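Spelled out, the chains give:
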Amino acid sequence: MARVEKPRKVILVGDGAVGSTFAFSMVQQGIAEELGIIDIAKEHVQGDAIDLADATPWTYPKNIYAADYPDCKDADLIVITAGAPQKPGETRLDLVNKNLKILSSIVEPIVESGFDGIFLVVANPVDILTHATWKMSGFPKDRVIGSGTSLDTGRLQKVIGKMEHVDPRSVNAYMLGEHGDTEFPVWSYNNVGGVKVSDWIKAHGMDESKLEDIHKEVADMAYDIINKKGATFYGIGTASAMIAKAILNDEHRVLPLSVAMDGQYGLHDLHIGTPAVVGRKGLEQIIEMPLSDDEQAKMEASAKQLKEVMDKAFK
Ligand code: 6V0
């Protein structure tokens, strides 16, 4: 008799701009067989579930529905995109108090449902909300992951790829640290085909300040988009679907995620962006990148900033 696999079940909490783009990306790529959506805007979710299911005749069959917290019980993955987004002029860290309140109203009923899978946190400030999800849920560290610097790393690959005229997927580069203003590119590593970006720049007659320009362009990209159109969602919607796929398909893929520090980079008691290996069990390995002294100082400064905000917010 043919073996019938259990459908991969994802519950999305937060059906706003980021959540619905994530859901659409899941549908387009055929990731998971079942997708339940939860939001306080219940009627909107009902409409969105029907609208998303309308895409399945041309994509992949999927059971998409408006869910409620008891549906989380047997989910494999819960993706949290519920929370206020940045307004023009606001930083991600400015969102901490309102989004921690929203988060606690979500994590509690999920845990009560008997959920025993993996949390993927996307709402901002993502490093702090991931840490808070881990604390509130009482889950082991390997089953609470944040999207970290995935989007920022993708933006960096895009900018370097454009400059060097190569496919961004061929750019080996990372932004690490906080998903926010203190994030930094790892120039001691970032390369295309083994040629460091810093060497490529020199070979093309540019000076080191070009690296700073790239860093600034990447770090400011969200602000630029928010000023122009009010929100950012295609990049993170696609990046978070890719993380979901890596987890559900047991890819053992290395991605720049927000994970619990346990001495890596000399850091403890926080979640921050670093390369990590994910698969069906969640976080499988944390990779501590060799950093230059300057990059190590930036990682520490980024962690310090997160801790300061956390200490105030968790009081
Ligand atoms: P949005 O479009 O306002 O959507 C937020 C959704 O959350 C809305 O549908 C709300 O109804 C819902 N919501 C609010 N409270 C609750 C609750 N208690 N329970 C369930 N649902 C609730 O915001 P958008 O989708 O643009 O952004 C969502 C979050 O993602 C924000 O915190 C952003 O800052 C964050 N982003 C994270 C990124 C990353 O790289 N990690 C990138 C971009 C945005």
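Computed from a prediction, not measured in an experiment: that's the story for all the values here.

Assigned secondary structure in the protein chain consists of nine helices and 14 strands. Rg of the C-alpha trace for the protein chain: 19 Å, near the compact-globule value of 20 Å for 315 residues, within the 12% margin. Residue burial in the protein chain is summarised as follows: out of 315 residues, 53% are buried. Carbon and sulfur atoms provide 53% of the accessible area of the protein chain, an area that totals close to 14,200 Å². Averaged over its 33 positive side-chain charges, the protein chain has a centre that lies 1 Å from the centre of its 46 negative ones.

This paragraph deals with unusual backbone geometry. Asn124 connects to Pro125 through a cis peptide bond whose omega is -5°. Located in the positive-phi region is Ala32, a residue other than glycine, with phi close to 75°. Position of Ala32 among the secondary structure elements: in the loop between helix 1 (17-29) and strand 2 (34-38). Judged by relative accessible area, which is 3%, Ala32 ranks as buried.

Before going further, it helps to spend a moment on the site of the ligand. Close contacts around the ligand come from 24 residues, with Ala17, Val18, Asp39, Ala84 and Val122 the closest. Interatomic distance of 2.9 Å between a backbone N/O atom of Ala84 and an oxygen atom of the ligand. Coverage of the ligand by the protein amounts to 85% of the 870 Å² it exposes when considered alone. Mapped by element, the contributors of at least two residues to the shell around the ligand are helix 1 and helix 3 (96-112). Of all the elements, helix 3 adds the most residues to the shell around the ligand, at four residues. Residues of the shell around the ligand, tallied by class, amount to 13 nonpolar, nine polar and two charged.

Cut-offs and rules
- Residues numbered from 1 in each chain as written.
- Predicted model: local features only at pLDDT ≥ 70, side-chain atom pairs only at ≥ 80, totals over all residues.
- Heavy atoms only, no water.
- Helix = DSSP H or I, 4+ residues; strand = E, 2+ residues; numbered from the N terminus.
- Rg over C-alpha atoms; globule rule 2.2 N^0.38 Å.
- Buried < 20%, exposed > 50% of the residue type's maximum accessible area, 1.4 Å probe, protein only.
- Areas by Shrake-Rupley, 256 points an atom, 1.4 Å probe, with all protein chains shown as cover.
- Lys, Arg positive; Asp, Glu negative; His and termini not counted.
- Charge placed at Lys NZ, Arg CZ, Asp CG, Glu CD.
- Near = heavy atom within 4 Å.
- Polar contact = N/O pair within 3.5 Å; in protein donor to acceptor, adjacent residues only side chain to side chain.
- Nonpolar A, V, L, I, M, F, W, Y, C, P; charged D, E, K, R; others polar.

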